[in-house]
Structure formats: structure tokens, C-alpha cells
Amino acid sequence: MEADITITVDGEPHRLVTDTRTTLLDALRDRLGVFSPKKGCDHGQCGTCTVLLDGRRVTTCLALAVAHDGAHVTTSAGLASDDRGQALHQAFLDHDGFQCGYCTPGQICSAAGMLDEAEAGWASAATEDVRSEPTLDDAEISERMSGNLCRCGAYAGIVTAIREVAGTGDGHGEAARR
Ligand code: FES
Ligand code: FES
């Protein structure tokens with residue numbers, strides 16, 4: 001069965017007729033030629049396919065495209081057009097938050113999503129006092145980014161980069177010194 005849907009990606013609307021079993025990741029990559037989100041595990045385990053879907057981070061390999069007719073997708077490439085997205089990209093460069101770069105678009109989308117979640121006061125499993133605004137130290141960031149794996153092991157740089165953008169780092173975070 002097919003469905004006629006419209007998805008806006010990084011500000012550009014796309015109309016497509018798609019099989020109702022097609023994942024959002026496959027629709028983006030195979031149908032729309034949007035290659036910023038990457039396919040890793042294809043089972044919701046690695047986070048490399050993460051985008052912001054109507055402002056919230058999601059793993060697109062677990063989302064059906066047909067369920068998101070009319071949605072707005074922001075990829076890591078799209079994030080580069082706003083100040084915070086640019087700051088995240090630059091911080092990953094400055095603090096060696098990547099090696100091969102395969103996981104990086106997902107890491108950056110997830111970082112943007114978690115910064116919004118923390119700003120909204122959402123607690124994580126690492127939050128000690130759920131009644132107060134979480135402080136994005138190494139433990140908080142590591143927990144909140146735990147859905148994004150990096151096979152190159154660039155975690156120390158990733159945490160340092162996010163702390164810098166969150167305003168809780170000195171540019172040489174605890175993780176980077178380990
Ligand atoms: S490809 Fe989606 S979580 Fe791994
Ligand atoms: S930079 Fe290579 S997988 Fe993360």
C-alpha cells in the first residue's frame with residue numbers, strides 16, 4: 001500500500017508517494033537524497049540516524065515516514081544554518097568530537113535535542129535533584145547522549161564540545177582529561 005505524503009526537510013518541502021512500510025530514514029536517504037542522517041544498525045541501537053523531528057530528537061530508522069506526513073525534519077546539515085547549530089559544529093571541530101565522522105550528524109542532532117530538553121528542565125537518570133534545573137556536567141551529558149554510539153570512541157571530545165556550547169565547560173572538560 002502506498003501513501004502520498006509531504007515532509008519538510010531543512011526548510012524545503014518534499015512531496016512523495018511512498019510504501020507505508022518505508023522508514024523515515026529510507027525515505028530521506030533513498031527517496032529524497034538527504035544523506036546527512038546515516039544508517040548504522042537500522043534497529044534503534046546506535047543513534048547515527050538521529051534528526052530533529054518537529055523539534056524533538058528521534059531515530060529515523062524506527063519511524064515510519066507515513067506516520068509523519070506534514071512533519072518538519074531538521075538534519076545536522078540544516079542545523080548549521082542557526083547560531084547554536086553552528087556553535088555545535090565548530091565545537092566538535094575544536095575539541096576533536098569525531099574521527100571518521102560517521103556518527104557525527106546524529107551526535108550533533110542529539111546534542112541539539114538534549115540541550116533543548118535540559119533547558120526545558122527535563123531530568124535524566126543522572127540528575128541528582130529532579131526539582132532543580134539540571135547542570136550539564138560530564139555525567140549529565142554522557143547520560144543524555146548515551147543513545148548515540150561512536151565506534152571511534154570520540155566520547156571525551158563530544159562531551160567537551162557539548163559542555164562548551166552549554167556554557168558549562170572550560171574547554172578542557174573532565175572527560176577530555178581522562
Ligand atoms: S541506524 Fe537508527 S539507531 Fe542505528
Ligand atoms: S567518529 Fe567514527 S563513529 Fe564516531
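Here the structure is a predicted model, which means the values were calculated and not measured. (Residues numbered from 1 in each chain as written. Chains lettered and ligands numbered in written order. Predicted model: local features only at pLDDT ≥ 70, side-chain atom pairs only at ≥ 80, totals over all residues. Heavy atoms only, no water.)

Q: So, the overall build of the protein: which residues are in play, and what are the values?
A: Helices and strands together make up the secondary structure of the protein, namely 7 helices and 5 strands. In the protein, the order of α-helices and β-strands from amino to carboxyl end is β-β-α-β-β-β-α-α-α-α-α-α. Only carbon and sulfur atoms are counted for the fraction: they give 48% of the accessible area of the protein, which is about 9000 Å². Computed over 15 positive and 27 negative side-chain charges, the inter-centroid distance for the protein is 5 Å. (Helix = DSSP H or I, 4+ residues; strand = E, 2+ residues; numbered from the N terminus. Areas by Shrake-Rupley, 256 points an atom, 1.4 Å probe, with all protein chains shown as cover. Lys, Arg positive; Asp, Glu negative; His and termini not counted. Charge placed at Lys NZ, Arg CZ, Asp CG, Glu CD.)

Q: Quick rundown of the pairing of strand β1 (residues 2-9)? Include the residues and the values.
A: Alignment of β1 against strand β2 (residues 12-19), held across 8 bridges, turns out to be antiparallel. Each residue of the ladder has a partner; that of Ile 7, found in β2, is His 14. Connecting β1 to the antiparallel partner β2 that follows it, the hairpin turn spans 2 residues, and Asp 10 within it adopts a positive phi of roughly 50 degrees. Sheet topology places β1 next to strand β5 (residues 72-74); 2 bridges connect them, and they run parallel. Within β5, the position partnered with Val 9 by the bridge is Val 73. (Pairing = 2+ DSSP bridges.)

Q: Would you mind going over the sheet that holds β1 in detail, with residue names and values included?
A: The mixed open sheet is built from 5 strands, whose spatial order is β2-β1-β5-β3-β4. Two strands in the sheet have a free side with no partner beyond their single neighbour: β2 and β4 (56-59). Looking at each pair of strands side by side, their axes are set apart by 40 degrees on average, direction ignored. In this structure, strand β3 (residues 50-53) lies alongside β4, joined through 4 bridges in antiparallel fashion. Bridge pairing in β4 places Leu 53 opposite Arg 56. Along the sheet, helix α1 (residues 24-31) contacts β1, β2, β3 and β5; its crossing angle with β2, the most-contacted strand, is approximately 110 degrees. Sheet strands in contact with helix α4 (residues 104-119) are β3, β4 and β5, and its direction is about 40 degrees off that of β3. (Axes fitted to C-alpha atoms, helices over the stretch in contact; angles between N-to-C directions. Contact = heavy atoms within 4.5 Å.)

Q: Outline the environment of Asp 69, supporting the account with residue identities and numerical values.
A: Its location among the elements puts Asp 69 in the loop between β4 and β5. You can call Asp 69 partly exposed: its relative accessible area is 46%. For the pair Asp 69 and Thr 6, spaced 63 residues apart in sequence, the C-alpha separation works out to 5.4 Å. Asp 69 has contacts with Asp 4, Ile 5 and Thr 6, leaving out every residue within four places of it along the chain. Within the structure, Asp 69 has its side chain in polar contact with the backbone nitrogen of Thr 6 (distance 2.8 Å). (Buried < 20%, exposed > 50% of the residue type's maximum accessible area, 1.4 Å probe, protein only. Polar contact = N/O pair within 3.5 Å; in protein donor to acceptor, adjacent residues only side chain to side chain.)

Q: Let's hear about the packing of helix α3 (residues 83-94) against helix α6 (residues 155-166): which residues, and what values?
A: Where α3 meets α6, the closest approach of the two axes is 8 Å, and the angle between their N-to-C directions is 140 degrees. With respect to α6, the element α3 is oriented oblique. Two packed elements cross with a definite hand, and for α3 against α6 that hand is right-handed. Between α3 and α6, the contacting residues are Arg 84, Ala 87, Leu 88, Ala 91, Phe 92 and Asp 94 on the first element and Ile 158, Ala 161, Ile 162, Glu 164 and Val 165 on the second. (Parallel < 35°, antiparallel > 145°, perpendicular 65-115°, else oblique. Left-handed = near helix turned anticlockwise from the far one by under 90°.)

Q: I'd like a rundown of the side chain of Asn 148, residues and numbers included.
A: Mapped onto the secondary structure, Asn 148 falls in the loop between α5 (138-144) and α6. Separated by 3.2 Å, the side chain of Asn 148 and the backbone oxygen of Gly 106 make a polar contact. Beyond its immediate chain neighbours, meaning those up to four positions away, Asn 148 contacts Cys 46, Gly 47, Thr 50, Gly 106, Gln 107, Ser 110 and Tyr 155.

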